[in-house]
Amino acid sequence: MRTRAETLPDLDTMHTIALEAFATIPEELRCYVEGVVIRIAEFADGDILADMDIRDPYDLLGLYQGVSLDRKSVSDPFPGVDMIFLYRRPIAAYAEQTGENLMQVIRHVLIHEIGHHFGLSDEDMMLIEEQT
C-alpha cells in the first residue's frame, strides 16, 4: 500500500522531523557524525536503485553516502561530504503500512545509516538500536 499524497509531510517538514529524531539519538553516537549532512529526497535515484539491485523504489528508506570512519584517511586528497539520504515517500509509506510513528521510523533509519558511517554491520546496528 502506498501513502496518499495528501497525507505526506512536505520535504521541509520531513527535514524538521529528521532533525528532531536525530536529537533523540544518544550523544555517544551523534558526536561522531558531526558534519554529516541529512538530505531528504522523494526516492533514491534510478542509478542508486540499479546499483543496489532494488526494483521497487519503496524498498529503500535511506542511504549513507560517503566514506565510513573505518576507511577514512588523513591522506585522502578530497574526502568529500558524508551524507545521509532519507527517502520521504518510502518512509511515509512504511510508517503508514506498519502503523509506526513517523519520527520513530525516521530515527530507526538514521541509526541504521549512522551505523554505515561507522562501518557497522546490520547486526551491530540492531543491537545499538535496542539499547537506545
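Preceding this section is the structure that the text describes.
Source: prediction; values computed, not measured.

## Examining helix 1 (residues 11-23)
(1) Moving on: Here helix 1 is 13 residues long and its end C-alpha atoms lie 18 Å apart, about the 18 Å a rise of 1.5 Å per residue gives.
(2) Moving on: Turning to helix 1, its buried residues are M14, I17, A18 and A21. Down the axis of helix 1, the buried side of the element spans an arc of 105°, and every buried residue falls inside it.
(3) Moving on: Sitting at the amino-terminal end of helix 1 is D10, which places a side-chain oxygen 3.2 Å from the backbone nitrogen of D12.

## Some details on helix 4 (residues 88-98)
(1) Moving on: Here helix 4 has its buried residues at R88, P90, I91, A92, A93 and A95.
(2) Moving on: Looking one or two residues beyond helix 4, the residue adopting positive phi is G99, at roughly 80°.

## A look at the pairing of strand 3 (residues 83-87)
(1) Moving on: A large share of strand 3 lies buried, amounting to 5 of its 5 residues.
(2) Moving on: Residues M83, F85 and Y87 point to one face of strand 3 and I84 and L86 to the other, with burial holding for every one of them.
(3) Moving on: Summarising the sheet, strand 1 (residues 37-41) and strand 3 pair through 5 bridges and their orientation is parallel. If you follow I38 over to strand 3, its bridge partner there is I84.
(4) Moving on: Note that strand 2 (residues 62-65) and strand 3 share 4 bridges and pair antiparallel.

Calculation criteria
- Residues numbered from 1 in each chain as written.
- Predicted model: local features only at pLDDT ≥ 70, side-chain atom pairs only at ≥ 80, totals over all residues.
- Heavy atoms only, no water.
- Helix = DSSP H or I, 4+ residues; strand = E, 2+ residues; numbered from the N terminus.
- Expected span 1.5 Å × (residues − 1).
- Buried < 20%, exposed > 50% of the residue type's maximum accessible area, 1.4 Å probe, protein only.
- Arc of directions from axis to C-beta.
- Polar contact = N/O pair within 3.5 Å; in protein donor to acceptor, adjacent residues only side chain to side chain.
- Pairing = 2+ DSSP bridges.

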